[in-house]
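Residues per chain, in single letters:
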Amino acid sequence: MQIHFNESTQVFHLQGKSFSYIMQVKDGLMLHLYWGRKIPLGHHEALHFLPWEGASFDSAHSRWPLEVPTQEKGFFGQQALRVKNGGGDDVVSLRYKTHRIMDGKKGLPGLPSSYVEKDTDAQTLEIDLEDHVSGLLVTLRYTVFAEYDVLARSMLIQNHSADTVTLLDAQTAVRLPADNYEILHLKGGWARERHAKRFAMPEGNFAIKSRRGASGHENNPFLALVHPETTESMGDVYAMTHVYSGSFSAFVDVGIDRAPYMMMGLCSDVFSWQMQNGDVFQAPETLLCYAPDGLNGLSHRMHAFVRRCICRGYWRDRPRPILLNNWEATYFDFNTEKLLKIAALGAQIGCELFVLDDGWFGKRNSDNCSLGDWVVNEDKLPGGLKALAEKINEMGLKMGLWFEPEMVSPDSDLYRAHPDWCLHVDGRERTQARQQLILDLGRKEVQDHIIESISHVLESAPIGYVKWDMNRNMMEGFSAALPAQRKMESQHRYILGLYRVLETITARFPEVLFESCSGGGGRFDCGILHYMPQTWTSDDTDAAERVKIQYGTSLIYPCSSMGAHVSAVPNHQTGRITPFHTRCNVAMGGNFGFELDLNKLNEEDLQCARNAVAMVKKLRTVMQQGDYYRLQNPFLSDGDAAWQFTDGRTVIVCFYRNQAQPNASPRQVKLQGLEEDAVYVDTAHQMTCTGGALMHIGLPVPYAWKDYDSWVYVFEKQ
Ligand code: DGJ
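About the criteria used
Residues numbered from 1 in each chain as written. Predicted model: local features only at pLDDT ≥ 70, side-chain atom pairs only at ≥ 80, totals over all residues. Heavy atoms only, no water. Helix = DSSP H or I, 4+ residues; strand = E, 2+ residues; numbered from the N terminus. Buried < 20%, exposed > 50% of the residue type's maximum accessible area, 1.4 Å probe, protein only. Contact = heavy atoms within 4.5 Å. Areas by Shrake-Rupley, 256 points an atom, 1.4 Å probe, with all protein chains shown as cover. Lys, Arg positive; Asp, Glu negative; His and termini not counted. Charge placed at Lys NZ, Arg CZ, Asp CG, Glu CD. Near = heavy atom within 4 Å. Polar contact = N/O pair within 3.5 Å; in protein donor to acceptor, adjacent residues only side chain to side chain. Nonpolar A, V, L, I, M, F, W, Y, C, P; charged D, E, K, R; others polar. Domains from an automatic or database assignment. Phe/Tyr/Trp six-rings, centres within 6.5 Å; stacked < 30°, edge-to-face > 60°. Lys NZ or Arg CZ within 6 Å of the ring centre and 35° of its normal. Pairing = 2+ DSSP bridges. Axes fitted to C-alpha atoms, helices over the stretch in contact; angles between N-to-C directions. Parallel < 35°, antiparallel > 145°, perpendicular 65-115°, else oblique. Left-handed = near helix turned anticlockwise from the far one by under 90°. Salt bridge = Lys/Arg side-chain N within 4 Å of Asp/Glu carboxyl O. Expected span 1.5 Å × (residues − 1). 1 Å grid on protein atoms, 1.4 Å probe; cavity = no way out; pocket = protein on both sides within 12 Å on 5 of 7 lines; lining within 4 Å. Points joined across faces, edges and corners; volume = space filled by probe spheres on them.

Caption draft 1: The overall build of the chain, seen in detail. When you go through the chain residue by residue, the secondary structure sums to twelve helices and 38 strands. Burial statistics for the chain: of 718 residues in total, 64% are counted as buried. Within the chain, counting contacts between residues at least 6 apart in sequence, those at least 24 apart form 69% of the total. Counting only carbon and sulfur atoms, one obtains 50% of the accessible surface of the chain, whose full area is about 26100 Å². If you average the places of the 71 positive and of the 87 negative side-chain charges in the chain, the two averages end up 1 Å apart.

What follows is the structure, given as structure tokens:
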């Protein structure tokens, strides 16, 4: 890991473990020269593209590979930084001023960001760019990590002009050379989040965005360019993700030179920020990951980074407990007796945590009331949470609890007391979704109220886990507390407020395991993972659908960040019936749990549940912390999928059949990342094979006599 500056060539060369990122100051402009496979220092200057300065309809400036493209001198592409100056124009002429190289990495005020524990673990470069006319000062930050192969970038904007400047857009941009690319991103909707989509890069502007006030189910803040020949195990990958949980946009913008700019940042449809003289605005961090060795290479780098440099706290490296959640078992229809009966059987088969989901507070017996009234309903739970949690603890289980703290039901004491505390536009309908409104977390008094009311509950009973839900997106997403000229700040102020609330509560209860949720995986991003190390991956618990969701999610998010539960059949989202062992085998691809009434299982399935629990306990370190390889892609072919976990000794392979086929051709799945000459033994299947054989011949997949069958193999290196 090194950041080098060559005084004579004015070249910055950032070297990660396997990437180089190179910039140059030329005539005051900050140019981007290279991002890709690591190259040696020096002796490359002669190779970089210089724009043709001869006669052309387009200006030379518009063809420079700019590190921060802005509106000036005929740059007509997507701008990374856009402002409205005091005079009403939007010209920004950023020129190099100075730079600093330092050990370590500072946090970003008010925002989540990647971190290191020691200054020797990272190096940071700060480059100041200045607009001499307006006085705008932009500081670009780049951090290279010693042990992790990711580049962290962010941008700080300061208004040193006498006028008020309105910030309209702030994106992290990187320009790649003209080449043959494909776009890869994660698309979806509620209950079908993060399906991997890959297609030829168009010559034009490709955009994904969320203006929902959350990163959202529809588009994940992840974007990659790959070459057509890139596979899971080989080829270049250039990927970006956002350490932010609110609205975002990401672009691939192909200009006249056919060189794409990749960008990611705040969503300008729902964002602007007024900056008075002296004001400073910190844009969220973006992570850039280059992999020379395919999509599994990307995932290895991102998984390790997210686990150790994004997630924090007590649970960061600890095995995650096997949980039993009552939501799909009971929905709102429960009482103490019913809950204890479910929990007792959970304890008997080896579960470690019982989670009481929605419906324990106020008078909430359906989703039409009481959000905001975080007071236990003693009609349902006599003696309150303490009595229940103590009984659960006596069974040997920890007690977990669901909250939806950012929301308010119109039918609630909180709303009756503070009708102005929700996001809304005066004079317009307050559009409800799931019969609820969103509290204005941009307001300090609202943040404080949430902090105190949630803390009060957590102090009242031995609660070891919190599921933090958020079940709607912003519609009239404006704060009543902001003046007209600042209304477009509402969404970002909300996210900053949310981060303050999360920072405070997670620090107050450091040993509580927090799991985020937003109607399943509607806020699955590195911003939220900084506070809560795991996310409920999707409300879709159907095993066949989950294979696709978990497969796509795994592109950048580690298995330790994905909640995955075994539920009842017919499945509540699809009506599909899948075998019990397959539901278990799929849930083992994340933080394993159950979300059904175990008492309703027959003896065979209950035994299967017991076996799965025992297996997860034995192998979860490998599954949650080991290297993960995608072996067969369910988005291609016939929906069959396979993945593999390994810690170097133990190798776990999971294969999922989608639909059985008559007279099907025999199949082999080729393993990855093993030692060619080492011998691996799967005692249960009586198989002894070399690593080379498993990787090049492949593991024969059994013939399936039924749909949705699945198999798990566990090899030990001898
Ligand atoms: C949405 C979540 O995704 C579900 O798991 C459940 O917690 C419900 N909310 C409860 O209302």
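Now that the structure has been shown, we can carry on.
Caption draft 2: Broad picture of the site of the ligand. Around the ligand, a shell composed of 13 residues is seen, among which Asp357, Asp358, Lys467, Asp469 and Asp539 lie nearest. Asp358 places a polar side-chain atom, nitrogen or oxygen, 2.7 Å from an oxygen atom of the ligand. One of the backbone N or O atoms of Gly520 is found 2.9 Å from an oxygen atom in the ligand. The fraction of the free accessible surface of the ligand (290 Å²) that becomes covered by protein chains is 98%. Each residue belonging to the shell around the ligand can be placed in one class, and the counts come to four nonpolar, three polar and six charged.

Caption draft 3: Layout of the domain arrangement of the chain. Under the domain assignment used here, the chain contains domain 1 (3–310) and domain 2 (641–717). Look at where the C-alpha atoms of domain 1 and domain 2 centre, and you get two points 40 Å apart.

Caption draft 4: How the structure looks around the packing of aromatic side chains. Enumeration according to the criterion identifies 31 aromatic pairs in this entry. Their ring planes at 75 degrees and their centres at 5.1 Å tell us that Trp360 and Phe361 sit as a pair that is edge-to-face. Here the aromatic residues Trp360, Phe361, Trp374, Trp402 and Phe403 are joined through ring pairs into a cluster of three or more. Taking NZ or CZ as reference, Arg318 lies 3.7 Å from the ring centre of Tyr314, over its face. Looking at Arg546, its charged tip hangs above the ring of Trp536, at a distance of 4.7 Å from the centre.

Caption draft 5: Highlighting unusual backbone geometry. With omega at -10 degrees, the peptide bond leading from Val569 into Pro570 counts as cis. Along the chain, Pro570 falls in the loop between strand E29 (562–567) and helix H10 (580–587). Positioned with a positive phi, His43 is a non-glycine residue whose angle comes to about 55 degrees. With respect to the helices and strands, His43 occurs in the loop between strand E4 (29–37) and strand E5 (81–84). Judged by its relative accessible area of 80%, His43 falls in the exposed class. A positive phi angle is found at Arg194, which is not glycine, with a value near 50 degrees. Note that Arg194 resides in the loop between strand E11 (182–187) and strand E12 (195–200).

Caption draft 6: Fine view of the sheet that holds strand E21 (residues 323–325). Pairing within the closed barrel is parallel, and its eight strands lie in the order E21-E22-E23-E26-E27-E28-E29-E30. Taken pair by pair, the neighbouring strands of this sheet meet at an average axis angle of 30 degrees, ignoring direction. Pairing geometry for E21 and strand E22 (residues 353–356), over three bridges, is parallel. Within the sheet, the bridge partner assigned to Leu324 lies in E22 and is Phe354. Sheet contacts for helix H7 (residues 490–508): strand E26 (465–468) and strand E27 (513–516); angle to E26, the most-contacted strand, approximately 170 degrees. Strands in contact with helix H9 (residues 543–553) are strand E28 (534–536) and E29; relative to E29, the strand with the most contacts, it is inclined by about 170 degrees.

Caption draft 7: Quick peek at the packing of helix H3 (residues 336–349) against helix H4 (residues 384–394). Running from amino to carboxyl end, H3 crosses H4 at an angle of 20 degrees, the nearest separation of the two axes being 10 Å. As the angle between them shows, H3 and H4 are arranged roughly parallel. The chirality of how H3 crosses H4 is right-handed. In contact with Thr336, Leu339, Leu340 and Ala343 of H3, H4 contributes Leu388, Lys391 and Ile392. Among the residues forming the contact of H3 with H4, the class breakdown is five nonpolar, one polar and one charged.

Caption draft 8: A look at the environment of Arg308. Relative to the helices and strands, Arg308 resides in helix H1 (residues 294–310). Counting along the chain gives 192 residues from Arg308 to Val116, while the straight-line C-alpha distance between them is 8.5 Å. With residues up to four places along the chain from it excluded, the contact list for Arg308 reads Tyr115, Tyr148, Arg316 and Asp317.

Caption draft 9: Layout of the pattern of salt bridges. Overall, the coordinates contain 48 salt bridges when judged by the stated rule. The partner of Lys209 in a salt bridge is Asp269, and the shortest N-O contact between them spans 2.8 Å. Linking Lys209 in strand E13 (residues 205–210) with Asp269 in the loop between strand E17 (260–266) and strand E18 (273–275), this pair joins segments that are 60 residues apart in sequence. The partly exposed category is assigned to Asp269, whose relative accessible area is 34%. The salt bridge involving Glu545 is made with Arg576; its shortest N-O contact spans 3.8 Å. Taken together, the positions of Glu545 in helix H9 and Arg576 in the loop between E29 and H10 put the pair 31 residues apart, joining distant regions of the chain. With a relative accessible area of 15%, Glu545 lands in the buried category.

Caption draft 10: Representation of H3 in the model. Compared with an ideal rise of 1.5 Å per residue, which puts 14 residues at 20 Å, H3 spans 20 Å between its outermost C-alpha atoms and is within 8% of the ideal. Taken residue by residue, H3 has Thr336, Leu339, Leu340, Ile342, Ala343, Leu345, Gly346 and Ile349 as its buried positions. Where H3 is buried, its residues meet E21, helix H2 (327–330), E22, H4, strand E30 (591–595) and helix H11 (603–625). Two residues or fewer after H3 comes Gly350, characterised by a positive phi angle close to 110 degrees.

Caption draft 11: Just the environment of Met399, in detail. Within the fold, Met399 resides in strand E23 (residues 398–403). Looking at Met399, the relative accessible area reads 0%, which means it is buried. Apart from the residues lying within four places of it in its own chain, the contact partners of Met399 are Leu353, Phe354, Leu356, Leu388, Ala389, Ile392, Asn393, Pro462, Ile463, Gly464 and Tyr465.

Caption draft 12: Representation of empty space enclosed by the protein within the structure. This structure, assessed with the given rule, holds eight cavities of 30 Å³ or more. Of the voids in this model, the largest cavity is the one considered here, and its volume is about 90 Å³. Along its surface, the largest cavity is lined by Gly28, Leu29, Met30, His61, Leu66, Glu67, Val68, Thr70, Glu72, Leu94, Arg95 and Leu129. Class assignment for the residues of the lining of the largest cavity results in six nonpolar, three polar and three charged. When its volume is computed, the second largest cavity comes out at roughly 70 Å³. Lining the second largest cavity we find Leu423, Arg430, Thr431, Leu437, Ile438, Arg472, Asn473, Met474, Met475, Glu476 and Gly477. Residue classes in the lining of the second largest cavity are distributed as five nonpolar, three polar and three charged.

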